[in-house]
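# A structural walkthrough
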Amino acid sequence: YSSMLDILEGYAFEPDFYIRSQACVPLSEMAVRRRQKLPDGSRFMADNIAERVKTIAFRMLRNAGTNPALLDDVSNILGRIGDLKEAEATEAIERLSAARDLNGVHNRCGLLLYFALFRETAPDLPRFDTAKFKDRLHQELRNGEPRFRVSLIWQMSGGADNEPYPYDIIQPYLTSFISGE
């Protein structure tokens, strides 16, 4: 993976937007495999390579500025990295606020939902304080941009997979949506 990642890293920071955008496709697939395990329980990907995928994703996020198209593409990588620390999760959600494409909006909302509702119980990950993400979820449902509010409710109600979140998990957030504007 190391030599492939060298090439992808070069593409990820090319001046040409199209090349940077296309680098997100294989980086997304590498992000999926970062924490996977083989049948014997060993990691599929070496820790240093897994960390490098995450580092590249954050460099791309920071370098994207407010370019909504590139943020949409980078959101595909970040949406597959579930082991972010609280500060990283906050940064990702904040920076992805400029994402405009429907895919980027859904990815940003998916990250917020994961960090607010599921991250603290994810197995094999360090402790994660979800309080500010739960507050942010209430805030977004109550007063967020309409596209974010709709995406959050759509995902909680089952989204494209038609698998609604358990009612006991989403019930406290429904009143925030109903009382919102």
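Everything below is about the structure printed above this text.
Residues numbered from 1 in each chain as written. Predicted model: local features only at pLDDT ≥ 70, side-chain atom pairs only at ≥ 80, totals over all residues. Heavy atoms only, no water.

### Here we look at the overall build of the protein chain
Secondary structure summary: the protein chain contains 9 helices and 0 strands in total. When the elements of the protein chain are put in sequence order from the N terminus, they spell out α-α-α-α-α-α-α-α-α. Since a compact globule built from 181 residues should have a radius of gyration of about 16 Å, the 17 Å found for the protein chain is in line with a globular shape. Based on the C-alpha atoms only, the size of the protein chain along its principal axes is roughly 50 × 40 × 30 Å. When the 181 residues of the protein chain are sorted by exposure, 44% land in the buried category. Excluding contacts between residues fewer than 6 apart, the proportion of contacts in the protein chain whose partners are at least 24 apart in sequence is 64%. (Helix = DSSP H or I, 4+ residues; strand = E, 2+ residues; numbered from the N terminus. Rg over C-alpha atoms; globule rule 2.2 N^0.38 Å. Buried < 20%, exposed > 50% of the residue type's maximum accessible area, 1.4 Å probe, protein only. Contact = heavy atoms within 4.5 Å.)

### With respect to the packing of helix H5 (residues 86-95) against helix H7 (residues 131-143)
H7 packs onto H5 with a crossing angle of 20° between their chain directions and a minimal axis gap of 11 Å. When the interaxial angle is binned, H5 and H7 end up roughly parallel. Considering how the two elements wind past one another, H5 and H7 form a crossing that is left-handed. On H7, the residues that touch Glu86, Ala89, Thr90, Ile93 and Glu94 of H5 are Lys132, Phe133 and Arg136. (Axes fitted to C-alpha atoms, helices over the stretch in contact; angles between N-to-C directions. Parallel < 35°, antiparallel > 145°, perpendicular 65-115°, else oblique. Left-handed = near helix turned anticlockwise from the far one by under 90°.)

### Let's talk about the pattern of salt bridges
Counted under the stated rule, the structure contains 14 salt bridges. When the shortest N-O distance is used, the salt bridge between Glu29 and Arg33 registers 2.9 Å. Pair noted here: Glu29 and Arg33 are both in helix H2 (residues 17-33), with a separation of 4 residues, about one helical turn. A network of salt bridges, in which partner residues are shared, links Asp6, Glu9, Arg52 and Arg59. (Salt bridge = Lys/Arg side-chain N within 4 Å of Asp/Glu carboxyl O.)

### Overview of the side chain of Arg136
Within the element layout of this structure, Arg136 appears in helix H7. Owing to a relative accessible area of 16%, Arg136 belongs among the buried residues under this scheme. Setting aside chain neighbours within four positions, we find Arg136 in contact with Ile93, Glu94, Ser97, Arg108 and Leu112.

### A closer look at the packing of aromatic side chains
Counting across every chain of the model gives 6 aromatic pairs. Here the aromatic rings of Tyr114 and Phe115 are separated by 5.1 Å at their centres, their planes lie at 65°, and the arrangement is edge-to-face. Arranged with centres 5.4 Å apart and planes meeting at 25°, the rings of Phe115 and Phe128 form a pair that is stacked. Of this pair, Phe115 sits in helix H6 (residues 102-118) while Phe128 is found in the loop between H6 and H7, placing the two residues 13 residues apart along the sequence. This pair shows no difference in class: Phe115 is buried, exactly as Phe128 is. Three or more aromatic residues joined by ring pairs make a cluster, and in this case those are Tyr114, Phe115, Phe128 and Phe133. Note that Arg59 overlies the ring of Phe13, its terminal NZ or CZ placed 3.8 Å from the centroid. (Phe/Tyr/Trp six-rings, centres within 6.5 Å; stacked < 30°, edge-to-face > 60°. Lys NZ or Arg CZ within 6 Å of the ring centre and 35° of its normal.)

### Comments concerning a nonpolar patch on the surface
On the surface, Ile7, Tyr11, Phe17, Tyr18 and Ile19 cluster together into a nonpolar patch covering about 490 Å² of accessible area. Among the secondary structure elements, those contributing two or more residues to the nonpolar patch are helix H1 (2-12) and H2. Its location among the elements puts Ile19 in helix H2. (Patch = residues over 30% accessible without salt bridge, like charges linked within 9 Å, V, L, I, M, F, W, Y side chains within 5 Å. Areas by Shrake-Rupley, 256 points an atom, 1.4 Å probe, with all protein chains shown as cover.)

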